[in-house]
Amino acid sequence: MATGQTQKITLAKGLNLGLRRAMEADPKVLIMGEDVGKLGGVFRITDGLQKDFGEDRVIDSPLAESGIVGTAVGLALRGYRPVVEIQFDGFVYPAYDQIVCQVAKMHYRSHGHSKMPMVIRIPFGGGIGAVEHHSESPEAQFAHTPGLKVVACSNPVDGYWMIQQAIACDDPVIFLEPKRQYHADKADLDEHEAPEPLFASRVVRQGSDATVLAYGPTVKTALKAAEAAADEGKSLEVIDLRTLSPLDMAPVYDSVRRTGRVVVTHEAHLNLGMGAELAARISEECFYSLESPVLRVAGFDVPYPASRIEEEFLPDLDRVLDAVDRALEY
Amino acid sequence: MAYHGFGPDLEEVFGPAQHEAPELVQLLTPEGERLHHPQFDHEFSAEDLRGFFRDMVLTRRIDTEATALQRHGELGIWAQLLGQEAAQIGAGRALRPQDFVFPTYREHGVAWCRGIDPLNLLGLFRGVDHGSWDPKESNFGLYTIVIGAQALHATGYAMGVQRDGAVGTGDPDRDTAVVAHFGDGASSQGDVNEAFIFAASYQAPVVFFCQNNQWAISEPIERQSRIPLYQRALGFGFPGVRVDGNDVLATYAVMQAALQRAREGQGPTLVEAYTYRMGAHTTTDDPTRYRLSDDVERWKLKDPIARLEVYLRRNGLVDDEWVAGVRAEADELGHHLREGCKAMPDPTPLSMFDHVYDEETEELRAEREGYAAYLDTFEGSHH
């Protein structure tokens, strides 16, 4: 029930507040990671939590990602709900084996005897002028792995709710946070408002000429593109996918059947990115509704470049609009 | 600028790369002589000793029976433990019910100690499942195939034990230790080394039990380590000890002490059980390609079961009739495994879709239904 009492929060604050609520609600919730305690995390997402919940629940870990995720597996087997912070996207790879071979498969291997209620938070994406390994988008690698659920938040209010829902989920969740958005925009949060389900995509702008699919950092890009397109008399529908595995395709199909044109945009590399799966599913389900092929605006198939040219690598408003034009002219 | 080499004095500058000559804790020699040890001495009742013998004989039978089942095509593969019975029974019998074990895929003797029907072990090797027991019921985790991954799980579980206040209370039924099993090959893995670091950092109640059976498939221990493995512990900040892994008495005594140390809240211990892999790595391996039969013959003289039998007989603790009784029990167990294994049904095709998630996704449900509908198009299909 909405009370009308709102507060203005950033994405960082939304996540911080969401983590706090989850820890208040369930004493089994633990936070683990590098610098998550006293420092409050390099992005300050866990700011103040160790002070209030103690060192046993907000655990500064040794600097070893496989160790963090591997010990979180053991804590989960003991009945805890670990929320793991991977400091940067590019540092998740040392933990890749534990995530893919253990976290993802434990429930299956054990015939459901052993649950893995774990959240692995990964600040992802670029645009912060960082050095190598600090701007990556590894989501497809996890969405490709059965046993994991993968979600990406795009705004402060979603950050607040989705992190709590992910923690409450009994399956392991890879939780992607667009780091460029952490401190960017503010939104009104009403903590008493009923949240949307975690594994649901959402139409964030209605339109009729083409559908733009985005998640995480590119939602903002897509919305800006839609605004610019509107000035030119083109009506774009924007969908924030929010969940990448499972995909919530019903709102997508519904939209595509109305618009007949789709542009998918993500920062992750084009080749075998989420756009490829989305294009395949859309062509299977909406073949006769399509007026043009599904087009993709993605990071190029090069290693993430040096930061002085990263904006050339990242999908931006103009590249999205260019793809929209190509779809409309097809 | 001229280079002023240190020459032969360099070793003095840096000190030795190894602490001291390795010591081996032993309470029963290969010849069946009972020894005493200043730190790890232990009084065993006749019943304890007969129990160890029975456990080892039955464990060996599980192993030989499963190996035979593989040869007959009933199992796809089997990981043999031949020669490691004492290490596993000693480690397994030192546990208290509340302790929790994280095994590799070769801990058939420890599984036996935890009360798991050995038939359940065969499912994984027959290819009908990936593990079929509930770890919560037996406090024995599922077999882990990725080398060393479970060392971190054990450490994390032990961190959970700490948070549950189940360490150092003085209540023998509450204080809990966790065992991470691994082998000499795994000691090279990052996960094992990270587990050492986490366990030391948090003083987690975990015992790292390394069965050094000298071989990681074809690679000898010398390829994994320049120093005795137990000496590595010191570098991580906790004690390590090497025990004769073919001596069930010593393994039990050392493990009991290490587990008690963990339960009391004194942190982790590395126990290196020095043993030998008498069989192949698995039934698909051919050790004649990489090791000398001389070596195997030498280790035959150190057989864990033979030395205990000598001791038991010499001291009048067992007679022929009792030993024959154990052998008969082993025959029954063999029969149980043979018949049970052959009767194990293949899983139904659609069961592959089960338990991927706790809360199944709509898209997976649709995939299952799609495949079911496809199977239905075949005449006589009864999936």
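Residues numbered from 1 in each chain as written. Chains lettered and ligands numbered in written order. Predicted model: local features only at pLDDT ≥ 70, side-chain atom pairs only at ≥ 80, totals over all residues.

Within chain B, the regular secondary structure consists of 15 helices and 7 strands. Summarising its shape, the C-alpha atoms of chain B cover approximately 80 × 70 × 50 Å along the three principal directions. Residues counted as buried form 44% of the 383 residues belonging to chain B. Counting only contacts in chain B whose residues sit at least 6 apart along the sequence, the fraction spanning at least 24 positions is 76%. (Helix = DSSP H or I, 4+ residues; strand = E, 2+ residues; numbered from the N terminus. Buried ≥ 20, exposed ≤ 12 C-beta atoms within 10 Å, placed from the backbone. Contact = placed C-beta atoms within 7 Å.)

Within chain A one finds 12 helices and 14 strands. For 330 residues, the compact-globule estimate of 2.2 N^0.38 gives 20 Å, and chain A sits close to it at 19 Å. Principal-axis analysis of the C-alpha atoms places the extent of chain A at approximately 60 × 45 × 40 Å. (Rg over C-alpha atoms; globule rule 2.2 N^0.38 Å.)

The amide bond that connects S245 of chain A to the next residue, P246 of chain A, takes the cis arrangement and shows omega of 0°. Backbone geometry at H355 of chain B places phi at a positive 65°, although glycine is not the residue there.

Turning next to the domain arrangement of chain B. Each assigned domain of chain B is listed here: domain 1 (18–343) and domain 2 (348–383). Spacing between the C-alpha centres of domain 1 of chain B and domain 2 of chain B amounts to 40 Å. (Domains from an automatic or database assignment.)

Before going further, it helps to spend a moment on the interface of chain A and chain B. The extent of an interface is frequently quoted as the accessible surface area lost upon association of the parts. Every contact between the two is made by 34 residues of chain A and, on the other side, 33 residues of chain B. Of all the secondary-structure elements, those providing two or more residues to the side of chain A that touches chain B are α3 (65–77), α4 (96–103) and α5 (106–109) of chain A. The element best represented in the side of chain A that touches chain B is α3 of chain A, accounting for 9 residues. Within the side of chain A that touches chain B, the residues separate by chemical class into 12 nonpolar, 15 polar and 7 charged. (Nonpolar A, V, L, I, M, F, W, Y, C, P; charged D, E, K, R; others polar.)

Let's shift gears to the domain arrangement of chain A. Residue and element names in this part refer to chain A. With domains assigned, chain A is organised as domain 1 (7–189) and domain 2 (202–329). The gap between the C-alpha centroids of domain 1 and domain 2 is 26 Å. Taken together, the contact pairs 24 residues of domain 1 with 22 residues of domain 2. For the side of domain 1 that touches domain 2, the secondary structure elements donating two or more residues are α6 (139–143), β6 (149–152) and β7 (173–178).

All right, on to the sheet that holds strand β4 (residues 81–85) of chain A then. Residue and element names in this part refer to chain A. An order of β3-β2-β4-β5-β7-β6-β12 is seen for the 7 strands of this open sheet, with the pairing classed as mixed. What marks the edges here is a single partner per strand, and that holds for β3 (58–60) and β12 (243–245). Neighbour to neighbour, the strand axes of the sheet diverge by 20° on average, direction disregarded. Along the sheet, α3 contacts β2 (29–33), β4 and β5 (119–124); its crossing angle with β4, the most-contacted strand, is approximately 170°. (Pairing = 2+ DSSP bridges. Axes fitted to C-alpha atoms, helices over the stretch in contact; angles between N-to-C directions.)

This part takes up helix α12 (residues 317–329) of chain A. Residue and element names in this part refer to chain A. For α12, built from 13 residues, the straight-helix expectation of 18 Å at 1.5 Å per residue is met to within 8% by its first-to-last C-alpha distance of 18 Å. Buried within α12 are the following residues: V320, L321, A323, V324 and A327. For α12, the buried positions fall inside an angular range of 160° around the axis, keeping them on one side. For α12, the exposed residues lying more than 90 degrees away from the buried face are D318 and E329. Close packing links the buried residues of α12 with β10 (210–214), α8 (218–231), β11 (236–240), β13 (262–269) and β14 (295–299). (Expected span 1.5 Å × (residues − 1). Arc of directions from axis to C-beta.)

A few words now on the packing of α3 of chain A against α4 of chain A. All names here are of chain A. Two numbers describe how α3 lies on α4: the axes approach to 8 Å, and their chain directions differ by 25°. Of the possible angle classes, the one that applies to α3 and α4 is roughly parallel. Touching S66, V69, G70 and V73 of α3 are D97, Q98, I99, Q102 and V103, all from α4. Across the contact of α3 with α4, the residue classes break down as 4 nonpolar, 4 polar and 1 charged. (Parallel < 35°, antiparallel > 145°, perpendicular 65-115°, else oblique.)

Turning to the pairing of β10 of chain A, a few remarks are in order. Residues and elements named next belong to chain A. Of all 5 residues in β10, 5 are buried; the element is thus mostly enclosed. The alternating pattern of β10 places A210, V212 and A214 on one face and T211 and L213 on the opposite face, and all of these are buried. In terms of strand pairing, β10 meets β11 through 5 bridges, oriented parallel. Within the sheet, the bridge partner assigned to V212 lies in β11 and is V238.

Moving on: the nonpolar core. Ranked by internal contacts, the top residues of the largest apolar core, which has 191 residues, are V212 and V263 of chain A together with A180, V207 and V271 of chain B. Residue contributions to this core peak at 10 residues, all from helix α11 (residues 248–263) of chain B. Not counting residues within four places of it along the chain, the set of residues in contact with V263 of chain A comprises A210, V212, L295, V297, V320, A323, V324 and A327 of chain A. (Core = buried A, V, L, I, M, F, W, Y, C linked by C-beta atoms within 7 Å.)

For the rest of this paragraph, the subject is the sheet that holds strand β7 (residues 269–274) of chain B. All names here are of chain B. The strand order β1-β2-β3-β7-β6 describes an open sheet built from 5 strands, whose pairing is parallel. If you trace the sheet from one side to the other, it starts and ends with β1 (100–102) and β6 (240–244), each paired once. The average undirected angle you get between the axes of adjacent strands in this sheet is 20°. One ladder, built from 5 bridges, connects β6 with β7; its direction is parallel. Its bridge partner being in β7, R242 is matched across the sheet by E272. Contacting β1, β2 (178–183) and β3 (206–212), helix α7 (residues 149–163) runs over the sheet at an angle of about 170° to β2.

Turning next to the confidence of the model for chain B. Of all residues in chain B, 97% have pLDDT values of 70 or greater, and the mean over the chain is 95. In the model output, the complex is listed with pTM 0.96 alongside ipTM 0.96. (pLDDT = per-residue confidence, 0-100.)

Our next topic: the packing of α8 of chain A against α12 of chain A. Residue and element names in this part refer to chain A. Here α8 crosses α12 at 60°, and the two axes come no closer than 9 Å. Taken together, α8 and α12 sit at an angle that is classed as oblique. Viewed along their axes, α8 and α12 form a crossing whose handedness is right-handed. Of the residues in α12, those touching α8 at T221, A222, K224, A225, A228 and A229 are L317, V320, L321 and V324. (Left-handed = near helix turned anticlockwise from the far one by under 90°.)

The next subject is the environment of Q203 of chain B. Residues and elements named next belong to chain B. Inspection of the secondary structure assignment puts Q203 in the loop between α8 (190–202) and β3. Overall, Q203 belongs to the partly exposed group, with 18 C-beta atoms counted inside 10 Å. Taking the C-alpha atoms as reference points, Q203 and Q162, separated by 41 residues in sequence, lie 9.2 Å from one another.

Right, let's talk about the pairing of β5 of chain A for a bit. The side chains of a regular strand alternate, residue by residue, between the two faces of the sheet. All names here are of chain A. Where burial is concerned, most of β5 is hidden: 6 out of the 6 residues are buried. Here β5 shows no split at all, with V119, R121 and P123 on one side and I120, I122 and F124 on the other all buried. By the bridge criterion, 3 bridges tie β4 to β5 in an arrangement that is parallel. The partner of V83 across the bridge, within β5, is V119.

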